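For reference, the chains in residue letters:
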Amino acid sequence: MVLNRATERRRIAFLIGTLDVGGTERQLTHLLTNLDQKRFEPRLYLLRGGGFFEPAVIKSGVSIRVIPYEGIHKVWSWPFAVQALLADLRAFQPNIFHGFLFHSFTYGTFLARISNIPWILAGRRGKSWRHECNPHHCLLGRLANRYIHLHVANSQALTTEVQRLENVPENRLCVIRNGVEVPGEEACDRFVSRERLG
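Residues numbered from 1 in each chain as written. Predicted model: local features only at pLDDT ≥ 70, side-chain atom pairs only at ≥ 80, totals over all residues. Heavy atoms only, no water.

A. Molecular detail of the pattern of salt bridges. If you walk through the whole model with that rule in mind, you get 6 salt bridges. Here R48 and D20 are joined by a salt bridge, their closest N and O atoms 3.1 Å apart. Taken as a pair, R48 in the loop between β2 (40–46) and α2 (54–59) and D20 in the loop between β1 (10–16) and α1 (23–34) lie far apart in primary sequence, 28 residues in all. With a closest N to O distance of 2.6 Å, D88 and R43 form a salt bridge. Placement of D88 in helix α3 (residues 78–92) and of R43 in strand β2 is noted, with a sequence separation of 45 residues between them. Linked through salt bridges whose partners overlap, the residues forming this network are R43, R65 and D88. (Salt bridge = Lys/Arg side-chain N within 4 Å of Asp/Glu carboxyl O. Helix = DSSP H or I, 4+ residues; strand = E, 2+ residues; numbered from the N terminus.)

B. Focus on unusual backbone geometry. Positive phi outside glycine occurs at N116, with the angle close to 60°. Counting through the fold element by element, N116 comes out in the loop between α4 (102–114) and β5 (119–124). For N116, a relative accessible area of 63% gives the class exposed. (Buried < 20%, exposed > 50% of the residue type's maximum accessible area, 1.4 Å probe, protein only.)

C. Structural detail: the sheet that holds strand β3 (residues 63–66). The parallel open sheet is built from 7 strands, whose spatial order is β3-β2-β1-β4-β5-β6-β7. In this open sheet, the two edge strands, each paired with only one partner strand, are β3 and β7 (173–175). Within this sheet the neighbouring strands show an average axis-to-axis angle of 20°, counted without direction. In this structure, strand β6 (residues 150–153) lies alongside β7, joined through 3 bridges in parallel fashion. Note that in β7 the partner of A153 across the bridge is V175. Lying on the sheet, helix α6 (residues 156–166) is in contact with β5, β6 and β7; it crosses β7 at an angle near 165°. (Pairing = 2+ DSSP bridges. Axes fitted to C-alpha atoms, helices over the stretch in contact; angles between N-to-C directions. Contact = heavy atoms within 4.5 Å.)

D. Up close: the environment of Y69. Note on placement: Y69 falls in the loop between β3 and α3. Sequence separation between Y69 and P79 is 10 residues, and the spatial gap between their C-alpha atoms is 9.0 Å. Apart from residues no more than four positions distant in its own chain, Y69 is found in contact with L47, S77, W78 and A81.

E. Region of interest: α6. What α6 keeps buried is the set L158, T159, E161, V162, L165 and E166. Down the axis of α6, the buried side of the element spans an arc of 160°, and every buried residue falls inside it. Exposed residues lying more than 90 degrees from the buried face of α6 are A157 and R164. Structurally, α6 contributes buried residues whose contacts are with β5, α5 (135–145), β6 and β7. (Arc of directions from axis to C-beta.)

F. Spotlight on the pairing of β6. Here β6 shows a buried face lined by L150 and V152 and a second buried face lined by H151 and A153. Of the strand pairs in this sheet, β5 and β6 are connected by 4 bridges, and their pairing is parallel. In the strand pairing of β6, R124 is matched with A153. Traced from β6 through α6 to β7, the parallel crossover comes out right-handed. (Right-handed = clockwise from strand over helix to strand, strands pointing away.)

G. Local environment of the pairing of β5. The element β5 is extensively covered by neighbouring structure, given that 5 of its 6 residues are classed as buried. You can see the chain leave strand β4 (residues 96–100), run along α4 and come back into β5, and the turn it takes is right-handed.

H. Highlighting the packing of α4 against α5. Relative to each other, α4 and α5 sit at 55°, their axes nearing to 9 Å. Taken together, α4 and α5 sit at an angle that is classed as oblique. Two packed elements cross with a definite hand, and for α4 against α5 that hand is left-handed. Within the contact between the two elements, α4 uses F102, H103, F105, T106, Y107, T109 and F110 and α5 uses H136, H137, L140, G141, L143 and A144. The class makeup of the residues in the contact of α4 with α5 is 7 nonpolar, 6 polar and no charged. (Parallel < 35°, antiparallel > 145°, perpendicular 65-115°, else oblique. Left-handed = near helix turned anticlockwise from the far one by under 90°. Nonpolar A, V, L, I, M, F, W, Y, C, P; charged D, E, K, R; others polar.)

Here you go:
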């Protein structure tokens, strides 16, 4: 995919489970509603619609797609969810995929790879998936980490933990303390990030 910087906006696909009340959901809403839409074309994918923050995102003009997903334990919904998300990603052709929270950045990473999205980001919150002691989670996490270009965490402690427990290289880790803005030297350096993302 060749991007004409003079005429085209960078297309960003965001994926999260829901926009119900929560810290990550609030941070993502803040990001989406303040993103410069002259430079970026965001599209938000939700696994469940109708959350508390959804009206604010809609009001900002960001496009929202709700995926027909019934939950991790309702396996009959998986093929429909995968088919819907893949079809929309291929039509949208984003330059960047950014998944927030575990299931979005793991399963989403695989679909982003299949869709040939050039850059894959993971929004990391809380703690490493290694704490789950769940073989399924560990397998998903290890496989996804192979393809994630940048892990964006909201604390230095989390990046240290991810680097130690998941063996993620330091150059694939970034701290933005509230998950959105760049407040100072300890957050992602904008020039380094720009170079990483082309």
